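Observations on chain architecture
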Amino acid sequence: EKGGLDPAKDPVVGYVVNSSASYFSSISYPQKVDVGLRINRMGRKSITWGLGVFCPTESLCRVTGSFTHAFVARATGASVEIPPRIREAVEKLSA
């Protein structure tokens, strides 16, 4: 939202090209959760995010995971650099 990405219209889109999760303890609906998000790596053409899922009343992490967004040209599917407005928004998250 802050980066102004419009996946339905933009000429460059971010695809999730890899994801993983490790489960340590069960959690289920309708239990509320807190999710921590961080930038594991930001390259020229992709961003790998890390996350942790917690119950609000506990300090132990129930789930850890990661996912990678690779940026591609919508018309060709070719790998492209992260759009400047997206890079700027993500850099602000890590500041």
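Structural data are supplied above this passage.
Residues numbered from 1 in each chain as written. Predicted model: local features only at pLDDT ≥ 70, side-chain atom pairs only at ≥ 80, totals over all residues. Heavy atoms only, no water.

**Some words on the state of the cysteines**
What counts, and what does not: When two cysteine sulfur atoms lie within 2.5 Å, the pair is treated as a disulfide. For every residue, the accessible area obtained with a 1.4 Å probe (protein chains only) is divided by the maximum for its type, and the residue is called buried under 20%, exposed over 50%, and partly exposed between those limits.
Across all of its chains, the model carries zero disulfides by this definition. With no disulfide of its own, Cys-55 lies closest to Cys-61 among cysteine sulfurs, the gap being 9.9 Å. With a relative accessible area of 2%, Cys-55 lands in the buried category. Assessed through its relative accessible area of 23%, Cys-61 is described here as partly exposed.

**Considerations on the environment of Asn-40**
Note the following rule: Secondary structure is summarised from DSSP: a helix means a run of H or I of at least four residues, a strand means a run of E of at least two, and numbering begins at the N terminus for each. What makes two residues a contact is simply this: any of their non-hydrogen atoms within 4.5 Å. Side-chain atoms alone can form a polar contact between residues adjacent in sequence; in general such a contact is a pair of N or O atoms within 3.5 Å, and within protein one must be able to donate a hydrogen while the other accepts it.
Topologically, Asn-40 is positioned in strand β2 (residues 34-42). Exposure remark for Asn-40: the relative accessible area of 38% places this residue in the partly exposed category. The sequence separation of Asn-40 and Asn-18 amounts to 22 residues, and the corresponding C-alpha distance is 13 Å. Excluding residues within four positions of it along the chain, Asn-40 makes contact with Thr-48, Trp-49, Gly-50 and Ser-66. For Asn-40, the side chain forms a polar contact with the side chain of Arg-38, separated by 2.7 Å.

**Let's talk about the sheet that holds strand β3 (residues 46-54)**
What links the strands of a sheet is backbone hydrogen bonding, and the strands pair in either a parallel or an antiparallel sense. Convention followed: For two strands to be treated as a pair, DSSP must find at least two bridges joining them. The convention used is that axes are lines fitted to C-alpha atoms, helices contributing only their stretch in contact, and that angles between N-to-C directions extend from 0 to 180 degrees.
Here we have four strands laid out as an open sheet, ordered β1-β4-β3-β2, and antiparallel in their pairing. With partners counted over all chains shown, the strands left at the sheet margins are β1 (12-23) and β2, one partner each. Across the sheet, the mean angle from the axis of one strand to that of its neighbour is 20°, orientation sign disregarded. Here 11 bridges tie β1 to strand β4 (residues 61-73), and the two strands are oriented antiparallel to one another. Looking at the pairing, Val-13 lines up with Val-72 of β4. Across the sheet, helix α1 (residues 84-94) lies against β2, β3 and β4, angled at about 120° from β2, the strand it touches most.

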